[in-house]
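Per-entry structural report
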Amino acid sequence: DTAEVIVLGAGPAGLVLGNLLLASGVDCLVVERADREQVQTRARAGFLAANTVRILDRHGLADGLHRHGREHTVCEFRTEDGRFRLDYGALGLGERHTVYPQQELVRDLLTRYLDAGGRISFGTEAVAVVGAETLRPTVTVHDTDGRPARWQARYVAGCDGRHGAARRSLPTCAVRRHHRDHGVSWLGLLAEAPPSLDAVGYAVHGRGFAGHMARTPEVTRYYLQCERGEAADAWSEQRIWDELALRMRSSEYGELHRGPIVQRTVVDLESDVLEPLRYGSLLLAGDAASLLSPSAAKGANLAVLEAELLAEALVDDLRRGDGTALDHYSARCLAHIWRAQAFSHWMIRLLHGPSGSDPDSLFHNSLRRSRVESLRVSRSQQDWFAEQYVGV
Ligand code: RFL
């Protein structure tokens, strides 16, 4: 099989890219390891930044999120020093989040792509990208029946996430990998229960962090800091709810709406960036380009932003013979990526106390309390926070 562009991965990055290329008449083929049902039911992100909505709007891809998404503008911090709320929609640039579950967005993007005649091969695992230094790169795949095949393109877009084939195919001498393990793990939970507060909740507690994020009127995401290496099923539902209630200080600030835990994953907080994001005919976008810890809810937003930049650059090159934007693609994305990494790193230090083994734990804990206090009292700090929090 051949195409002008082969897109690896049907997540937010790959599907935004596929839709934009198709709309510009570029022949593309999306290769996706999972089946359709898996792709459109994987619950992950939910907070879309204003700029993400603008991008999707620009290309007519935002109908579903306007119909079913809800605007969100407030977060609440709860610590040993009390609680306060920030109406970030009224601070900084005055921008809002739209809460719309990632799997719903992916479903919309997929439906639109297929309705427009887009080609996608589900159940097909990309194994490697070969010949990226040439003008005819090849993707080797295992098809639905596990049979090997080779597909050729002019460009390959690696949107297949952190463990995908695109990253694996980059020669180590051609890219620099920045990796940071923040040493903190979260148990990510999805509860079949309505949100317990009308804000994103960030609770800092001596027993660890706890977070609350609305998803839909029936489903809420919670996070609980856990021990590194702990198994996702190590906690009973009773223990999860008791611990959330304790860390979120629900006896003081209001009980949590409990319900069945329908999904749990342990997320190790890590940052990972590849530089540059291009190797010849292979270009990276989304989690394949950089991984952010979920502390600042940036991953899906960066994926959409990069997909638009990549689509424009590819169309310039393939339709107008102008490769300038493609040459600048990596540097443009990396400027956004490092800004998001910096903020997410700052959030990690705001939300977590020092670990037990840290000899300077009292010192670091005092710094953390002071950081939270600045955010509570300083208007300029709040404006900065709002701008970083909703911006990309
Ligand atoms: P995706 O969504 O992971 O899609 C990659 C696709 O590639 C496929 N694939 C392959 N296909 C073919 N061959 C191979 N060898 C392949 N290997 C992989 C996969 O099956 C998949 O379909 O990457 P993409 O498009 O770059 O999008 C990135 C986002 O999904 C990610 O950054 C966010 O979900 C991160 N994230 C959040 N981001 C936000 O902006 N806001 C949030 O509130 C937020 N919450 C979260 C999150 C991520 C989480 N997890 C699970 C790490 C909450 C959680 C719990």
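Here, the structure is the one placed above.
Residues numbered from 1 in each chain as written. Predicted model: local features only at pLDDT ≥ 70, side-chain atom pairs only at ≥ 80, totals over all residues. Heavy atoms only, no water.

**Describing the overall build of the protein chain**
Filter applied, for reference: By the criteria applied, helices consist of DSSP H or I runs no shorter than four residues and strands consist of E runs no shorter than two, each listed in order from the N terminus. Radius of gyration: C-alpha atoms only; globule rule: 2.2 Å multiplied by the number of residues to the exponent 0.38. Each residue gets one of three labels from its accessible area relative to the maximum for its type: buried under 20%, exposed over 50%, partly exposed in between, using a 1.4 Å probe on protein chains only. The contact criterion used is simple: two residues touch if any of their non-hydrogen atoms lie within 4.5 Å. Methods summary: accessible areas were calculated by the Shrake-Rupley approach with a probe of 1.4 Å, and residue burial reflects only the protein chains presented.
Assigned secondary structure in the protein chain consists of 12 helices and 19 strands. In terms of overall size, the protein chain behaves like a compact globule, its C-alpha atoms giving a radius of gyration of 21 Å where 392 residues would be expected to give roughly 21 Å. Overall size of the protein chain, expressed as C-alpha extent along the three principal axes, is 60 × 40 × 40 Å. Expressed as a percentage of the 392 residues in the protein chain, the buried residues total 55%. Sequence-distant contacts, at least 24 apart, represent 71% of the contacts inside the protein chain between residues at least 6 apart. Of the accessible surface of the protein chain, which amounts to about 16500 Å², a share of 48% is contributed by carbon and sulfur atoms.

**So, the nonpolar core**
Rules: What we call a nonpolar core is a set of buried Ala, Val, Leu, Ile, Met, Phe, Trp, Tyr and Cys residues that are connected through their side-chain atoms within 4.5 Å.
Counting 76 residues, the largest nonpolar core has Val5, Leu17 and Leu21 as the members making the most contacts within it. Of the residues forming this core, the biggest block, 12 residues, is contributed by helix α9 (residues 299-320). The next biggest cluster of nonpolar side chains, apart from the first, holds 30 residues, and it includes Trp186, Leu269, Ala386 and Tyr389.

**Some details on the side chain of Thr138**
For Thr138, the location among the structural elements is in strand β10 (residues 138-142). Judged by its relative accessible area of 9%, Thr138 falls in the buried class. If sequence neighbours within four positions are ignored, Thr138 has contacts with Ala128, Val129, Val130, Arg150, Trp151 and Gln152.

**Observations concerning the packing of aromatic side chains**
To keep it simple, the criterion reads: Pairs were defined over the aromatic rings of Phe, Tyr and Trp, the Trp ring being its six-membered one, requiring ring centres within 6.5 Å. Orientation was assigned from the angle between planes: stacked under 30 degrees, edge-to-face over 60, tilted for the rest. The rule is short: NZ of Lys or CZ of Arg within 6 Å of the ring centre and within 35 degrees of the ring normal puts a charge over the ring.
One pass over the structure, following the stated rule, counts 16 aromatic pairs. Summarising the aromatic geometry, the rings of Phe77 and Phe84 are spaced 5.2 Å apart at their centres and angled 20° between planes, so their arrangement reads as stacked. Since its relative accessible area comes to 1%, Phe77 is described here as buried. Accessibility expressed as a relative area gives 12% for Phe84, which makes it buried. Summarising the aromatic geometry, the rings of Trp346 and Phe385 are spaced 6.1 Å apart at their centres and angled 50° between planes, so their arrangement reads as tilted. Placement of Trp346 in helix α10 (residues 324-351) and of Phe385 in helix α12 (residues 379-390) is noted, with a sequence separation of 39 residues between them. Looking at Phe385, the relative accessible area reads 0%, which means it is buried. Through a chain of ring-to-ring contacts, three or more aromatic side chains come together here, namely Phe77, Phe84, Tyr88, Trp186, Tyr202, Phe209, Tyr223, Phe343, Trp346, Trp384, Phe385 and Tyr389. Its end group placed over the ring of Tyr155, Arg154 keeps NZ or CZ at 4.1 Å from the ring centre.

**Quick look at the site of the ligand**
Put simply, the rule reads: Any residue with a non-hydrogen atom lying within 4 Å of a molecule or strand is treated as near it. In protein, a polar contact requires one atom able to donate a hydrogen and another able to accept it; more generally it is a pair of N or O atoms within 3.5 Å, and residues adjacent in sequence count only if both atoms are side-chain atoms. The nonpolar class holds Ala, Val, Leu, Ile, Met, Phe, Trp, Tyr, Cys and Pro. Asp, Glu, Lys and Arg form the charged class, and all remaining residues, Gly among them, are polar.
Taken together, the neighbourhood of the ligand is formed by 32 residues, with Glu32, Arg42, Gln102, Asp287 and Ala300 sitting nearest. Between Arg33 and the ligand, the recorded distance is 3.1 Å, taken from a backbone N or O atom to a nitrogen atom. For the ligand, an oxygen atom lies 3.5 Å from a polar atom in the backbone of Gly46. Contact with the protein chains removes 91% of the 1000 Å² of surface that the ligand exposes when unbound. Elements that contribute at least two residues to the shell around the ligand include exactly α1 (12-23), β9 (125-130), β15 (220-226) and α9. It is α9 that contributes the most residues to the shell around the ligand, 4 residues altogether. The class makeup of the residues in the shell around the ligand is 13 nonpolar, 9 polar and 10 charged.

**Structural notes on the sheet that holds strand β6 (residues 82-87)**
Here is the rule we go by: In short, DSSP must find at least two bridges between two strands for them to pair. Lines fitted to the C-alpha atoms define the axes, with helices restricted to the stretch that makes contact. Angles between their N-to-C directions range from 0 to 180 degrees.
Taken in spatial order, the 8 strands make up an open sheet running β6-β5-β13-β14-β15-β12-β16-β19, and their pairing is mixed. In this open sheet, the two edge strands, each paired with only one partner strand, are β6 and β19 (290-291). Of the strand pairs in this sheet, strand β12 (residues 176-191) and strand β16 (residues 261-275) are connected by 13 bridges, and their pairing is antiparallel. Following the sheet pairing, Leu187 is matched in β16 by Val266. Where helix α11 (residues 361-377) meets the sheet, it contacts β5 (74-79) and β6, and its direction lies at approximately 50° from that of β6.

**A look at the packing of α9 against α10**
Put simply, the rule reads: Should an angle lie under 35 degrees it is considered roughly parallel, over 145 roughly antiparallel, and from 65 to 115 roughly perpendicular; all remaining angles are considered oblique.
The geometry of α9 relative to α10 is characterised by a closest axis approach of 9 Å and an angle of 170° between their N-to-C directions. With respect to their mutual orientation, α9 and α10 come out roughly antiparallel. Of the residues in α10, those touching α9 at Leu302, Leu305, Glu306, Leu309, Leu310, Ala313, Leu314, Asp316 and Asp317 are Ala325, Leu326, Tyr329, Arg332, Cys333, His336, Ile337 and Ala340. Across the contact of α9 with α10, the residue classes break down as 12 nonpolar, 1 polar and 4 charged.

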